[in-house]
Structures are given as structure tokens and as C-alpha cells.
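# Notes for the structure review
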Amino acid sequence: MEKYAELASEIIKKIGGSENVNSVFHCVTRLRFKLKDENAADTEALKNMDGVITVMQSGGQYQVVIGNHVTDVYQAVVKAGNFPAEDALDVDEGDVKTSLFNRFIDTVSGIFTPILGVLAATGMLKGFVAMFLAFGWLTKEMGTYQLLQAIGDSLFFFLPIFLGYSASKKFKGNIFIGMVIGASLVYPSLSGLTEGKVLYTLFAGTIIESPIYLTFLGIPVILMNYAFSVIPIILAAYVAAKVEGWLKTIIPDVVKTFLVPFCTVAIVAPLTFIIIGPIATWAGDILGVVSLAIYNFSPVFAGAFLGGFWQIFVMFGLHWGLVPLALINYATLGYDQILALAFGASFAQIGAVLAVVLKTKNKKLKGLGISAFISGIFGITEPAIYGITLPLKKPFIMSCIAASISGALLGLFKSTTYMSGGLGIFGIPTRVHPDNGLDSAFWGTLLAISVAFILGFILTYLFGTKKENRLENL
């Protein structure tokens, strides 16, 4: 961390000093600041700094793109600026106003960013287990399979607990209250009640027909499977934060320590089971059905659009709007075909970068390109985008064209992901069907990403640079 101390100090200085920072956290490659006044930051100077790839202003965030070592730089920034650690967002943001869309993107990214790494890790593990099963290296009866499957499933099954933590932190509530509510949603004994006697049925004959197995103070409770769920706990954490804040204003200080959490949980947890959970689950089911209907209308067109624009979405942080939708699809459908359409984008990007590396004679550009190519193999494309293809313009356009064609192929082959997983080549195992193994959709996916890479390379090599300079002077 010490070797990034000077870089951290310069970053803080150029964003207007620590007094201009409301909060800071990081994702895979970026420092994400929320500034009091973005005009006070020297953006151009930041972009030209050694150690900074570029700067993006999107979703109400001032994003400084660092690269794969962003975690170390983040720690140095936290130390240099004396900011709250552990990705906390506890700084008072005062009356900062942003658009509804920006607040939505900021909220989603703030909730999912802290668990993104382990979400990918456990998804990768599930993907590899499915692949080993398909290859015949493991069987479902083996203890090795059962243990690895349990480890891989753990985060997804108990996802409400993890999201209860991160959502409560984002909404400035007690994180342990959020975790308790999340844990209650996946409490094993409650799920077992659905095998008992049905007291009566609500909404009979409708798409939301619900058998009632128990009541709370005489009020019917609709028991649902909240494992793998997303929306119910996020809404519950939001309500809990508001209730907690109200209780703090009316409960005497001498008993706040235990009475505020007690009253918050006693109010919000039953409310979640009775109202918030069912409504949120139904809303998630509808979103899943709508997204599937759009996909089924024209998978090829959807793939061409999403594949072609995916890197642009990533640049501006707009992809966060689709992440919850994919998780909802995993919970309701058991698979996702929406984000699967963008899988070829990173491979198109590294194909374009390889073309630049082979064509240029500029040693600095070649070295940067090799580093970006290696990162891109594992799905980290920001160094490729901001360091190579976007500054050269045409390579970026060629990569988007290649990604669009690849997306159309992914739609044609009905490419599907069965779990959240890693990026780049580590995303391949998540395409293995849990029951059918290496089906036609899997092989179609391999073909599509190969086409993305080859087309990205060929288009960039032939048309992505001016023939007269061949990048010698870049």
C-alpha cells in the first residue's frame, strides 16, 4: 500500500481535497467517489496522471479508473484522506441532489459492489463443478461433489443475508438488523412448513394464487422461497433503515442500544413476511417474465443490441441496471439469457487490442497493449478500453461491431448462464447446463466468443487504423 501513497495523495488533491469527498468505495477497476462539487476536481490533470487510466463521471459518481490493483490504491486513498474504511458509505452527503436514474444506478452499484468478488467466486466454483460433472470426473453421489456444490451454493442460498448487510450499509441502517431480517427469510424451519396442511388459499384462480400455512396475529402469511432472492431483502432493508431512524427520535437514549434494534426487527421482519416479501417476489416474477418475453421476441436482435452496446454501458456504469435483473432470473427461472448475450464483448475487445499490439511500433503502446490484453482475457476490459481502443477510436468501434455480431450469434444459439460467475474465460463454466452438460447452447457460446475475438482482431487490423501511419507515431 505504501508504494501507492504518493498516487493516492495526488488523486485526493486533484479531486478537490478530502473535504470535497462525500464518500468513496471501489469496484473491480475503479475508485468511485461521490463528490460535493465535481467542478472542483481537475479532471484533465487526473486523466494525464501516471497510474490513472482515465476518469468517468456517471451515475452521480466520479469514477477514477485505476486497473487491477485498485484495491491497494483504494486502501492508500482511505489512509491519505482519512475516509471511512471497509468500503463504508457513512459520510453525510448533505443536500446533494441527483436524478432519479443516477440514484438508482448508485444504489444498485453500492449494494452489489461489496459482494461482487465472492459472488463471482462462488459462481465460478458452481460452474467448474457442473463442468467436472459433465466430463464425468465427478458424480452426484461423490462426497467431493456434494461438498463443493454446498460451498458454491452457500452465497446464493443465503444471498438475503449478504444483501441485508450491504443494503443496510447503503441505506445507512444497522447492518446487523439487515442481516437478521435476511436470515429470517431463509430460516429452514419456515420453508418446511410449506409441506404441512393448507389453512386456506388466497387469490385462488389467479397468477398469484397463494396457499396459507400459518398466520401471524391472525393475519395470513404467504410463505415463499426467499433463497436466491434479491428484491425482498433490499426493500426490507430500506424500510428497516427508515423505521430505525424514526425510532431513534422517540426512544430515550438510555435504552436505545437494545430497544431500537428490538423494535425495528419486531416491526419490519413480520411486515416483510406479510407484505414486502410477497409483493417484491411477485414484482420480481413479473420482471423475469417481461425480460424473457423481450428476449423471445427476437434473441438475435436483442443479442446484437446488447453485445454491441455493452462496453458503452460499462463505461457509463449503466450495466448495473441489468445485474439485479439477471439475479432475479436466476432465482425465478433458474437461468439467465439476458446478460449471456453480452459475453462476447470482452473477447472482441481483446481481439482489437491484439491487432493494435501487432501493428504498432510504439514500445509504450505495445507494452500497455500486452498488459491490457492479459487483463482482458479474464474479463477486465477497462485498461483495454481507456488505454488502447477508445483513445484510438476506430479500434473501439470495430470491437463493438464484432461484439454485436457475436451477440447475435449468442442469441441464435440461445446462450444461457445458469449461475453468476467470473468474467472472461472464467465465465465459460457458468454456461454448462447443470443436467444436460455440454449442450448445443454451450458449444454455440464457444463459437460466438471465438467469432468475437477473431472479428475484433481482423476488423481492427484491416480498418481500425490509418494505413499511412500504421500506429508508428501513437
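Keep in mind it's a predicted model, so treat the numbers as computed, not measured.

About the criteria used
- Every chain is numbered on its own, with residues counted from 1 as its sequence reads.
- Thresholds applied to this predicted model are a pLDDT of at least 70 for local features of residues and 80 or more for the giving and counting of side-chain atom pairs; totals over whole chains, interfaces and linings are not thresholded and use all residues.
- Excluding hydrogens and water, the side-chain figures rest on all heavy atoms present in the structure.
- Only runs of H or I of at least four residues qualify as helices and only runs of E of at least two qualify as strands under DSSP, and these elements are numbered from the N terminus.
- The contact criterion used throughout is that any non-hydrogen atoms of two residues lie within 4.5 Å.
- For the charge count, each Lys or Arg is scored as positive and each Asp or Glu as negative, with His and the chain ends excluded.
- Charge placement uses NZ in Lys and CZ in Arg. For Asp and Glu, CG and CD serve respectively.
- Note on ring pairs: Phe, Tyr and Trp rings are taken, using the six-membered ring of Trp, and paired if centres are within 6.5 Å. Classes follow the plane angle, with under 30 degrees stacked, over 60 edge-to-face and the rest tilted.
- Here the term buried applies to any residue with accessible area under 20% of the maximum for its type, exposed to any over 50%, and partly exposed to those in between, with areas from a 1.4 Å probe on protein chains only.
- Two thresholds decide whether a charge sits over a ring: the Lys NZ or Arg CZ must be within 6 Å of the ring centre and within 35 degrees of the ring normal.
- DSSP calls a pair of strands paired once it identifies at least 2 bridges connecting them.
- Working convention: axes come from line fits to C-alpha atoms, limited for helices to the stretch in contact. Angles between N-to-C directions cover 0 to 180 degrees.
- To estimate the expected span of a helix, subtract one from its residue number and multiply by 1.5 Å.
- Should an angle lie under 35 degrees it is considered roughly parallel, over 145 roughly antiparallel, and from 65 to 115 roughly perpendicular; all remaining angles are considered oblique.
- Crossing handedness follows the turn of the near helix against the far one: under a right angle anticlockwise gives a left-handed crossing, and clockwise gives a right-handed one.
- Salt bridges, as used here, are contacts in which a Lys or Arg side-chain nitrogen is within 4 Å of a carboxyl oxygen on Asp or Glu.
- The definition of a polar contact used here is a pair of N or O atoms within 3.5 Å, where within protein one atom must be able to donate a hydrogen and the other to accept one, and adjacent residues in sequence count solely through side-chain atom pairs.

## Considerations on the overall build of the protein
A tally of helices and strands in the protein yields 18 helices and eight strands. Each principal axis of the C-alpha distribution contributes one length, and for the protein these read about 80 × 55 × 40 Å. A sequence separation of at least 24 residues applies to 71% of the contacts in the protein between residues at least 6 apart. The protein carries 32 positive and 30 negative side-chain charges, and their two centres are separated by 8 Å.

## Observations concerning the packing of aromatic side chains
Scanning the entire structure with this criterion turns up 13 aromatic pairs. Ring centres of Y226 and F273 lie 6.3 Å apart, and the angle between their planes is 80 degrees; on these two criteria the pair is classed as edge-to-face. With a gap of 47 residues between them, Y226 in the loop between β8 (219-221) and α10 (231-250) and F273 in helix α11 (residues 256-297) connect regions that are remote in the sequence. Classification of Y226 as buried rests on a relative accessible area of 1%. What makes F273 buried here is its relative accessible area of 13%. Cluster of aromatic residues (ring-pair linked, three or more members): F128, F132, F135 and W137. The aromatic ring of Y461 is capped on one face by K359, whose charged end is 5.0 Å from the ring centroid. Here the basic side chain of R431 rests over the ring of F343, its NZ or CZ set 3.7 Å away from the ring centre.

## Things to note about the sheet that holds strand β4 (residues 61-65)
With respect to topology, four strands assemble into an open sheet ordered β1-β2-β4-β3, the strand pairing being antiparallel. With partners counted over all chains shown, the strands left at the sheet margins are β1 (21-26) and β3 (54-58), one partner each. The sheet shows a mean angle of 20 degrees between the axes of neighbouring strands, direction not considered. Strand direction decides the pairing type here: β3 and β4, joined by five bridges, are antiparallel. By the bridge assignment for β4, T54 is matched with V65.

## Section: the environment of H26
Among the secondary structure elements, H26 is positioned in strand β1. Under the relative-accessibility criterion, H26 is labelled buried at 13%. For the pair H26 and V255, spaced 229 residues apart in the sequence, the C-alpha separation amounts to 36 Å.

## Describing helix α3 (residues 70-81)
Every α-helix carries 3.6 residues per turn, so stepping three or four residues along brings you back to the same face. For α3, built from 12 residues, the straight-helix expectation of 16 Å at 1.5 Å per residue is met to within 8% by its first-to-last C-alpha distance of 16 Å. Listed as buried for α3 are V70, V73, Y74, A76, V77, V78 and G81. Turning to α3, the residues buried within the fold contact α1 (5-14), β1 and β2 (30-35).

## Topic: the packing of helix α17 (residues 394-412) against helix α18 (residues 440-463)
α18 packs onto α17 with a crossing angle of 155 degrees between their chain directions and a minimal axis gap of 8 Å. Between α17 and α18, the angle is such that the two are roughly antiparallel. Crossing hand, α17 versus α18: right-handed. Contact with α17, carried on its side by K394, P395, M398, I401, A402, I405, S406, L409 and L410, involves T445, A448, I449, V451, A452, L455, G456, L459, T460 and F463 of α18 and no other residues of that element.

## A word on unusual backbone geometry
Although it is not a glycine, N82 adopts a positive phi angle of roughly 55 degrees. You can call N82 exposed: its relative accessible area is 69%. Of note, L217 is a non-glycine position whose phi angle comes to about 55 degrees, a positive value.

## Examining the pairing of β1
Most of β1 is tucked away: six of the six residues are buried. Where β1 hands over to β2, the hairpin turn is made up of three residues, counted between the paired strands.

## Section: the pattern of salt bridges
Under the counting rule described, the total for this entry stands at five salt bridges. K47 is the partner of E44 in a salt bridge, and the nearest nitrogen-oxygen pair spans 3.9 Å. A residue pair is termed a helical-turn pair when its members lie 3 or 4 positions apart in one helix, as E44 and K47 do in helix α2 (residues 43-47) at three residues.

## Some remarks on the pairing of β4
Of all five residues in β4, five are buried, a share of seventy percent or more. The side-chain alternation of β4 yields two buried faces, one formed by Q61, Q63 and V65 and the other by Y62 and V64. Bridge count between β2 and β4: four bridges; the pairing is antiparallel. What sits directly across from R30, in β4, is V65.

## Things to note about the side chain of D336
When you line up the elements, D336 lands in the loop between α13 (323-332) and α14 (345-359). One buried charged side chain, D336, makes no salt bridge at all; its nearest oppositely charged neighbour is R431, positioned 7.4 Å away. Here the side chain of D336 touches N329 through a polar contact of 2.8 Å, side chain to side chain. A distance of 3.0 Å separates the side chain of D336 from the backbone nitrogen of L339, its partner in a polar contact. The contact partners of D336, leaving out residues within four places of it in the chain, are A326, N329, Y330, T416 and T417.

## Regarding the environment of M224
Within the fold, M224 resides in the loop between β8 and α10. Classification of M224 by relative accessible area gives partly exposed; the value is 21%. Spatially, the C-alpha atoms of M224 and V186 are 9.5 Å apart, while their sequence positions differ by 38 residues. Those residues in contact with M224 that lie beyond four places of it in its chain are G277, P278, T281 and W282.

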